[in-house]
Amino acid sequence: MSLVKSVRDSGLKRRRFLVGAGVAAGAGALARQLPLNVIEPARAEQEVPGAPVPTEIKRTICSHCSVGCSVDAVVANGVWVRQEAAFDSPINMGAHCAKGASVREHAFGEHRLRYPMKLVNGKYQRISWDQAINEIGDKLIELRQNAGPDALMLIGSSKHNNEQSYLLRKWAAFWGSNNCDHQARICHSTTVAGVAQTFGYGAMTNSFNDLHHSKAVLFIGSNPAEAHPISMLHFLHAKELGAKMIVIDPRFTRTARFAHHYVRVRPGTDIPLVWGILWHIFQNGWEDKEFIANRTYGMEDVRKEVAKWTPDKVSDVTGVPEATVRIAAEMLATNRPSSVVWCMGITQHHVGTANVRALSILQLALGNIGKPGGGANIYRGHDNVQGATDVGPNGDSLPGYYGIAEGAWKHFAAVWGVDYEWIKSRFGSKELMEKPGITVSRWFDAVNEKPEYVDQPSNLRAVFYWGHAPNSQTRLPDMKAAMQKLDMLVVIDPYPSMTASMHGRTDGVYLLPAASQFETSGSCTASNRSIQWRERVIMPLFECKTDHEIMYLFAKKLGFHNELCKNIKVVLNEPVIEDVLREINRSCWTIGYTGCSPERLKLHMENKHTFNPTTMRADDGPCKGDYYGLPWPCWGTPEMKHPGTPILYDTNKSVAEGGLPFRANWGVEHDGESLLAADGSATKDSQLDTGYPEFDHVFLKKLGWWAELTPAEQAMAEGKNWKTDLSGGIIRVVIAHGCAPFGNARARCNVWNFPDPIPVHREPLATPRRDLVATYPTYDDKANFWRLPTLYKSVQAVDYSKEFPLIMTSGRLVEYEGGGEETRSNPWLAELQQNMFIELNPRDAAQIGALTGEYVWVETPTGARLKMMAMVTERVPIGLVWMPFHFGGWWMGEDLERHYPEGAAPTVRGEACNTGWTYGYDTVTMMQETKVSLCRVLRA
């Protein structure tokens, strides 16, 4: 019988014994300090047979798709006995998907890592935490001395809450490297770059609930019925109210079955299709002319590009009939406000950032930004991807999107109470300190590449996989080769992930058991920017430790724990989470993570029932006036009581009530044209009824508002701007005058500092339409991009289409999450989907004689050969195959079960489709290409 089994069978009795032992020990310690005359003989309490066990409710958040569903965990004597639907949550209103309904198993799963392990002669052996910290720490010190701090790569995770994410970025800074990254690189980095460079902030503009106001919704590259099921509740409510639904996807998804209008597009041609829609909008005068004139820059340049995409040309390139495109355009234009929802079908391309910008421009042309029912709505894929992006381990930025220039480092040196020169001394050089680090999408190239081509002093020699699944990345054979070259590979995770089984090493691998999200507390940020407080449900099981305790223990070994936690109390080696959030509150003025104190977030969780499920506003109760989760930006200090910003760029509210214009982030003019909003275009109650730049001490003095700062605020704000003024005085005064701290500007349709200032179509690197390559070529190869050479034209130049005639694409299932290690270990979910599969059109299947349920081989141009079951279905068109990306645990036909630690292999294993993906990276963010490649399928 396993340890977990024994805990389950007699959980309450065992817990009572442990609690009783603790009480006895505590009483004994107390007794030793009491006068003798008060000590009485101890008496054991008699258990009353049949008496109910007292229970308590712990409020937590589902650990999956970032919709932010609440879960009520019922705990008895410290044991999580069951979970109940949180009917009082304005987000999920008592509903759960299959994953959400089974999160208790995530904590109690039998396949979890239970104690630290080390690979010795090809076998994992149990070691102590002391041995693990000391051996890994000694190796890191040796590595630092021999190769410098940039020889280490930290791959963080959205399993981390905001505080852990923030602490890991701080840890990397004090270690002395920007080589840190996390999941968002490979799911929504293109969204962040594209949306931020267009509107000002890199996040979803509205909320799931706000879809109630939509008259039409365009889902493109998004399948929420499976990927974000609870979000569909809000859309289906809108549909009941009359909203039209358009779905654009190469595959007829479960979302598409609800659509009024389904558009089947050739993968990799999103920009021509969006420009084709916009062609009809401009041709018919359906655009919002006043919005364009007052609040956008560069739309005329877009018109010139769109004019090239006549209906016949769009149809030829995208495969979509002309009439189908026109219907989509008319439905969006005549049913406003209309919303656009996208996910990884848009972002995971070598033109992902350009795709995002094309959709953002579409919404600007229709005047749909800043309005209830409109917006650019981007659904994230893990519980805290948004928060980890906002404040976590990004190689090109410090928390809050401050960047890594000298000014940003000095701002955080002041917040952290650490000397800037000391931080600088931790890096190999000032140049490296201000250079973006290696990305998670390509860390293995920084191992395999010749040293002279890597733009840092050393190749990578050690990697920490901290909660991240390797099978969510592409080019796994190259990754495996890199793993074998490393000096050391460290995996920190509640479950071992495929990292533990795929490396092919015999030593130099450590597995450290991390606590799950339910064994710690802290805040996490949903896709809609709402921040929720997650209570600790149970104490860490087995020998697991929380991520922030592990960070602290390594910092202690490496000698910078005092700097790491200078302003943070540490209790039993655990930095106090509330103190970490308060440090975030004091530092991240840029995105308004400053008003969301632990106390305010906890109050929201306790009073969820007081928030309106459409507006997300509390109309009564202790949170009256707040929006649920204080969606950022939540300006100023907590004492200012800013309510949060439910809809970005909504000028119909005052800034003090959650309104905002577009951000002035690119100066005041470009090529002689103003970038500021037109006269009369400002937020409600603004005392500046025109466009204005971002605020700093000089601007405040010119306006005569400086005197409104207190003397103490003036002393701190002198020489600072709204982002670096630690007093918060500039923001307080500016908002009192009805203005936005970041200025009032125009959204940019022309991003002049991007490779394509106006998005243009570029054929996929692995395209079957070779006739289009000359007309729509990809980019030139780059010698140095995020520290590595990056190929484009030299990859596209090779024609694989004759040997590999099928277009290959991928997506999500409702049963599993991300790399799938936790969910494929969950018996309830594993029962629902037991095999990796590939969807084949009946005509393609007939050509090779494949039947549903039979094994086939999928071969790709990389030489990968993947064995999986065929599913013959008309969901995919002729010439296209589709695979889910959650599987792992097989390697080109071989089951890797024996390579996992004993008992830790997931219940369901299968080929990781990312093993076969070909080369391709976004030209701005290094996002990996996972939506268009080529393959062939053979009977097994």
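Residues numbered from 1 in each chain as written. Predicted model: local features only at pLDDT ≥ 70, side-chain atom pairs only at ≥ 80, totals over all residues. Heavy atoms only, no water.

**Student:** Residue-level account of the overall build of the protein chain, with values.
**Tutor:** In terms of helices and strands, the protein chain carries 32 helices and 34 strands. The C-alpha radius of gyration of the protein chain comes to 27 Å, within 12% of the 30 Å expected for a compact globule of 940 residues. Along the first, second and third principal axes, the C-alpha atoms of the protein chain reach 95 × 80 × 60 Å. For the protein chain, with 940 residues in total, the buried portion stands at 65%. Look at the contacts in the protein chain between residues 6 or more apart in sequence, and 72% of them connect residues 24 or more apart. Here the protein chain displays about 31600 Å² of accessible surface, and carbon together with sulfur accounts for 51% of that area. Averaging the coordinates of the 99 positive side-chain charges in the protein chain and doing the same for the 102 negative ones gives two points 2 Å apart. (Helix = DSSP H or I, 4+ residues; strand = E, 2+ residues; numbered from the N terminus. Rg over C-alpha atoms; globule rule 2.2 N^0.38 Å. Buried < 20%, exposed > 50% of the residue type's maximum accessible area, 1.4 Å probe, protein only. Contact = heavy atoms within 4.5 Å. Areas by Shrake-Rupley, 256 points an atom, 1.4 Å probe, with all protein chains shown as cover. Lys, Arg positive; Asp, Glu negative; His and termini not counted. Charge placed at Lys NZ, Arg CZ, Asp CG, Glu CD.)

**Student:** Account for the pattern of salt bridges, with residues named and values stated.
**Tutor:** According to the stated counting rule, one finds 58 salt bridges in the structure shown. Between Glu 599 and Arg 582 there is a salt bridge; the shortest N-O distance is 2.3 Å. Taken together, the positions of Glu 599 in helix 26 (residues 598-606) and Arg 582 in helix 25 (residues 577-587) put the pair 17 residues apart, joining distant regions of the chain. Since its relative accessible area comes to 45%, Glu 599 is described here as partly exposed. Across the salt bridge formed by Arg 824 and Glu 821, the nearest N and O atoms sit 3.5 Å from each other. On the accessibility criterion, Glu 821 (5% relative accessible area) is buried. (Salt bridge = Lys/Arg side-chain N within 4 Å of Asp/Glu carboxyl O.)

**Student:** Can you explain the packing of aromatic side chains? Please cite residues and give values.
**Tutor:** Tallied over the entire structure, the rule returns 39 aromatic pairs. Here the aromatic rings of Trp 409 and Phe 427 are separated by 5.3 Å at their centres, their planes lie at 70 degrees, and the arrangement is edge-to-face. Residue Trp 409 is located in helix 17 (residues 406-416), and its partner Phe 427 is located in the loop between helix 18 (420-426) and helix 19 (430-433); the two are separated by 18 residues in the primary sequence. On the accessibility criterion, Phe 427 (6% relative accessible area) is buried. Taking 5.0 Å as the distance between ring centres and 35 degrees as the angle between the ring planes, the aromatic pair formed by Tyr 649 and Phe 662 counts as tilted. With a gap of 13 residues between them, Tyr 649 in the loop between helix 26 and strand 21 (669-670) and Phe 662 in the loop between helix 26 and strand 21 connect regions that are remote in the sequence. Take Phe 662: its relative accessible area is 0%, and that puts it in the buried class. Among the aromatic side chains, those forming a connected cluster through ring pairs are Trp 171, Phe 174, Trp 175, Tyr 402, Phe 412, Trp 416, Trp 422 and Phe 560. (Phe/Tyr/Trp six-rings, centres within 6.5 Å; stacked < 30°, edge-to-face > 60°.)

**Student:** Which residues make up the nonpolar core, and what are the values?
**Tutor:** Membership of the largest hydrophobic core comes to 234 residues, with the highest contact counts inside it found for Trp 171, Trp 275, Leu 362, Trp 416, Trp 443 and Phe 464. With nine residues, the single largest contributor to this core is helix 9 (residues 270-283). Sequence-distant contacts of Leu 362, that is, excluding residues within four places in its chain, are made with Leu 218, Val 274, Ile 277, Leu 278, Ile 281, Leu 332 and Val 340. With 41 residues, the next largest nonpolar core counts Val 385, Leu 829, Ala 830 and Leu 866 among its residues. (Core = buried A, V, L, I, M, F, W, Y, C linked by side-chain atoms within 4.5 Å.)

**Student:** Could you give an account of the state of the cysteines, with specific residues and numbers?
**Tutor:** Here the structure, examined in full by the defined rule, presents zero disulfides. We note that Cys 524 lacks a disulfide partner, and the nearest cysteine sulfur, in Cys 62, lies 9.7 Å from it. Of all cysteine sulfurs, the one in Cys 634 lies closest to Cys 596, which takes part in no disulfide; the gap is 5.9 Å. On the basis of relative accessible area, Cys 596 is assigned to the buried category, the value being 0%. (Disulfide = S-S within 2.5 Å.)

**Student:** Explain helix 6 (residues 189-198) to me, and be specific about the residues and the numbers.
**Tutor:** For helix 6, a buried count of nine out of 10 residues is recorded, marking the element as mostly surrounded by other parts of the structure. Buried within helix 6 are the following residues: Ser 189, Thr 190, Thr 191, Val 192, Ala 193, Gly 194, Val 195, Ala 196 and Thr 198. Gly 200 sits one or two residues past helix 6 and shows a positive phi near 135 degrees.

**Student:** How would you sum up the confidence of the model for the protein chain? Please name residues and give values.
**Tutor:** With 95% of its residues at a pLDDT of 70 or more, the protein chain has an overall mean of 94. Contacts from residues 1-42, a stretch scored under 50 in pLDDT, to residues over four places away or in other chains number 27 contacts. (pLDDT = per-residue confidence, 0-100.)

**Student:** Before we move on, can you summarise the layout of surface pockets with the specific residues and values?
**Tutor:** In this structure, the largest pocket occupies an estimated 940 Å³ of space. Taken together, 38 residues line the largest pocket, and the ones lying closest to its centre are Val 192, Gln 197, Asp 396, Ser 397 and Tyr 401. Secondary structure elements with two or more residues in the lining of the largest pocket: helix 6 and helix 17. Considering each element in turn, the lining of the largest pocket owes the most residues, five residues, to helix 6. (1 Å grid on protein atoms, 1.4 Å probe; cavity = no way out; pocket = protein on both sides within 12 Å on 5 of 7 lines; lining within 4 Å. Points joined across faces, edges and corners; volume = space filled by probe spheres on them.)

**Student:** Tell me what's going on with the packing of helix 4 (residues 129-147) against helix 23 (residues 547-558), and back it up with residues and numbers.
**Tutor:** One can describe the packing of helix 4 onto helix 23 by two numbers: an axis separation of 9 Å at closest approach and a directional angle of 55 degrees. In terms of orientation, helix 4 and helix 23 fall into the oblique class. For the element pair helix 4 and helix 23, the recorded crossing hand is right-handed. Contacts between helix 4 and helix 23 involve Trp 129, Ile 133, Asn 134, Ile 136, Gly 137, Asp 138, Leu 140 and Ile 141 from the first element and Ile 550, Leu 553, Phe 554, Lys 557 and Leu 558 from the second. For the contact of helix 4 with helix 23, the residue count by class is nine nonpolar, two polar and two charged. (Axes fitted to C-alpha atoms, helices over the stretch in contact; angles between N-to-C directions. Parallel < 35°, antiparallel > 145°, perpendicular 65-115°, else oblique. Left-handed = near helix turned anticlockwise from the far one by under 90°. Nonpolar A, V, L, I, M, F, W, Y, C, P; charged D, E, K, R; others polar.)

**Student:** Describe the sheet that holds strand 33 (residues 910-911), naming the residues involved and giving the relevant values.
**Tutor:** Strand order in the open sheet formed by three strands is 32-31-33, and the pairing between neighbours is mixed. Two strands lie at the open edges of the sheet, namely strand 32 (894-895) and strand 33, each paired on one side alone. Relative to strand 32, strand 31 (residues 889-891) is paired through two bridges, and the arrangement is antiparallel. If you follow Trp 890 over to strand 32, its bridge partner there is Asp 895. (Pairing = 2+ DSSP bridges.)

**Student:** Could you give an account of the sheet that holds strand 10 (residues 261-263), with specific residues and numbers?
**Tutor:** As a general point, the strands of a sheet are linked pairwise by backbone hydrogen bonds and lie either parallel or antiparallel. Taken together, five strands build an open sheet; the order of strands is 10-9-8-12-13 and the sheet is parallel. In this open sheet, the two edge strands, each paired with only one partner strand, are strand 10 and strand 13 (376-378). Direction aside, the axes of adjacent strands within the sheet are offset by 20 degrees on average. Looking at chain direction, strand 9 (residues 244-248) and strand 10 are connected through three bridges and run parallel. From the neighbouring strand, Val 247 faces strand 10, where its bridge partner is Tyr 262. Seen against the sheet, helix 13 (residues 322-334) touches strand 8 (216-220), strand 9, strand 10 and strand 12 (338-342) and runs at an angle of roughly 130 degrees to strand 10. Contacts from helix 15 (residues 352-365) reach strand 8 and strand 12, with the element oriented near 170 degrees to strand 12.

**Student:** Explain the environment of Leu 211 to me, and be specific about the residues and the numbers.
**Tutor:** Structurally, Leu 211 can be placed in the loop between helix 6 and strand 8. The spacing of Leu 211 and His 234 is 23 residues in sequence and 6.2 Å in space, taken between C-alpha atoms. Sequence-distant contacts of Leu 211, defined by excluding residues within four places in its chain, comprise Val 217, His 234, Phe 235, Ala 238, Ser 339, Asn 377 and Tyr 379.

**Student:** So what's going on with the environment of Thr 610? Which residues, and what values?
**Tutor:** Tracing the backbone shows Thr 610 in the loop between helix 26 and strand 21. What makes Thr 610 buried here is its relative accessible area of 18%. Sequence separation between Thr 610 and Lys 624 is 14 residues; the distance between their C-alpha atoms is 8.1 Å. One polar contact links the side chain of Thr 610 to the main-chain carbonyl oxygen of Asn 607, over a distance of 2.7 Å. (Polar contact = N/O pair within 3.5 Å; in protein donor to acceptor, adjacent residues only side chain to side chain.)

**Student:** Requested: an account of the pairing of strand 17 (residues 522-525), with residues and values cited.
**Tutor:** Here strand 17 shows a buried face lined by Gly 522 and Cys 524 and a second buried face lined by Ser 523 and Thr 525. Judged from the four bridges that link them, strand 17 and strand 18 (residues 531-534) form a sheet pairing that is antiparallel. Among the inter-strand pairings, Gly 522 is bridged to a residue of strand 18, identified as Arg 534. Here strand 17 folds back onto strand 18 in antiparallel fashion, the turn holding five residues, of which Arg 529 has a positive phi close to 75 degrees.

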